[in-house]
Amino acid sequence: MARIVYVPPEEAGNLEERVVDIWRCAAVVKGGRRFSFSALVVVGNGTGIVGWGYGKAREVPFAIEKAVKDGRKHLVRFDLDHDTIPHEARGRFGAARVVVVPARPGTGIIAGSAVRAVCECLGVKDILTKSYGGTNNSKNVVKATFNALHQLRTREQVEALRGVVL
């Protein structure tokens, strides 16, 4: 697995945000229930830079704002092969398993909502994905997707690692 290279938000340019999921949590207190919200957001520029963030607050807009801010701090650059990924990869996090497979032009993004948000913010236009495992928890699925993306290598990177010409 290669070293993860974080990108400063200034380098990323104009970032788009996708809210993946929002959770409501209730704490029972003396006067009734006190609600808090958490949000999972994926941010990316559509040209190979993407990150995810998680935020919690007493109101939904503030939770989303915090998540976006967190996502901007954790941007990562991935090498794409035109509008798809260089090769198949499998990622896992907790009980979530994600398989990402390159697709021919015109296929589109065949993915569930969590993986779709990551792929769209990344700038991938053609990809096949499958989410396996004992969970469909979007937090773990997004983390498993990033785990799969971190395993991707371009032809040039593989040639340099092996010291041969492919």
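For clarity, every value in this text was computed on a predicted model and none was experimentally measured. (Residues numbered from 1 in each chain as written. Predicted model: local features only at pLDDT ≥ 70, side-chain atom pairs only at ≥ 80, totals over all residues. Heavy atoms only, no water.)

A. Main features of the side chain of Thr145. Tracing the backbone shows Thr145 in helix H4 (residues 138-150). Setting aside its immediate chain neighbours within four residues, Thr145 contacts Val98, Val115 and Val118. (Helix = DSSP H or I, 4+ residues; strand = E, 2+ residues; numbered from the N terminus. Contact = heavy atoms within 4.5 Å.)

B. Inspection of the sheet that holds strand E8 (residues 127-133) at higher detail. One open sheet accounts for 4 strands, arranged E5-E6-E8-E7; its pairing is mixed. Only two strands of the sheet have a single partner each, and these edge strands are strand E5 (89-93) and strand E7 (109-110). The sheet contact formed by E5 and strand E6 (residues 96-102) spans 5 bridges and is antiparallel. In the sheet register, Ala89 faces E6, and the bridge partner there is Val100. Along the sheet, H4 makes contact with E5, E6 and E8, crossing E5 at roughly 140°. (Pairing = 2+ DSSP bridges. Axes fitted to C-alpha atoms, helices over the stretch in contact; angles between N-to-C directions.)

C. Local environment of the sheet that holds strand E1 (residues 16-29). Strands sit in the order E1-E2-E3-E4 across an open sheet of 4 strands; the sheet is antiparallel. Taken across any chain shown, the strands that pair with only one partner, and hence form the sheet edges, are E1 and strand E4 (76-77). Of the pairings in the sheet, the one linking strand E2 (residues 32-44) to strand E3 (residues 49-57) comprises 8 bridges and is antiparallel in character. The residue bridging Gly44 from the neighbouring strand is Val50, located in E3. Helix H2 (residues 60-73) rests against E1, E2 and E3 of the sheet, and its axis sits at about 145° to E3. Relative to the sheet, helix H3 (residues 113-122) contacts E1, E2 and E3, its axis offset from that of E1 by approximately 140°.

D. Looking closely at the environment of Tyr132. With respect to the helices and strands, the residue Tyr132 is situated in strand E8. For the pair Tyr132 and Pro102, spaced 30 residues apart in sequence, the C-alpha to C-alpha distance is 18 Å.

E. Structural view of the nonpolar core. In this structure, Val20, Val42, Val50, Phe78, Val100, Ile127 and Val142 are the most contacted members of the largest nonpolar core, which totals 29 residues. Residue assignment for this core shows that the elements contributing at least two residues are E2, E6, H3 and H4. Ignoring any residue separated from it by four or fewer positions in sequence, one finds Phe78 in contact with Gly48, Val50, Leu122, Phe146, Leu149 and His150. Judged by nonpolar contacts, the second largest core, of 11 residues, contains Ile49, Ala63, Val68 and Leu75. (Core = buried A, V, L, I, M, F, W, Y, C linked by side-chain atoms within 4.5 Å. Buried < 20%, exposed > 50% of the residue type's maximum accessible area, 1.4 Å probe, protein only.)

F. Region of interest: H4. Compared with the 18 Å implied by 1.5 Å per residue over 13 residues, the 18 Å span of H4 between its first and last C-alpha is a close match. Most of H4 sits out of view: 10 of its 13 residues are buried. Turning to H4, its buried residues are Ser138, Asn140, Val141, Val142, Ala144, Thr145, Phe146, Ala148, Leu149 and His150. With a side-chain oxygen positioned 3.0 Å from the backbone nitrogen of Lys139, the residue opening H4 is Asn137. (Expected span 1.5 Å × (residues − 1). Polar contact = N/O pair within 3.5 Å; in protein donor to acceptor, adjacent residues only side chain to side chain.)

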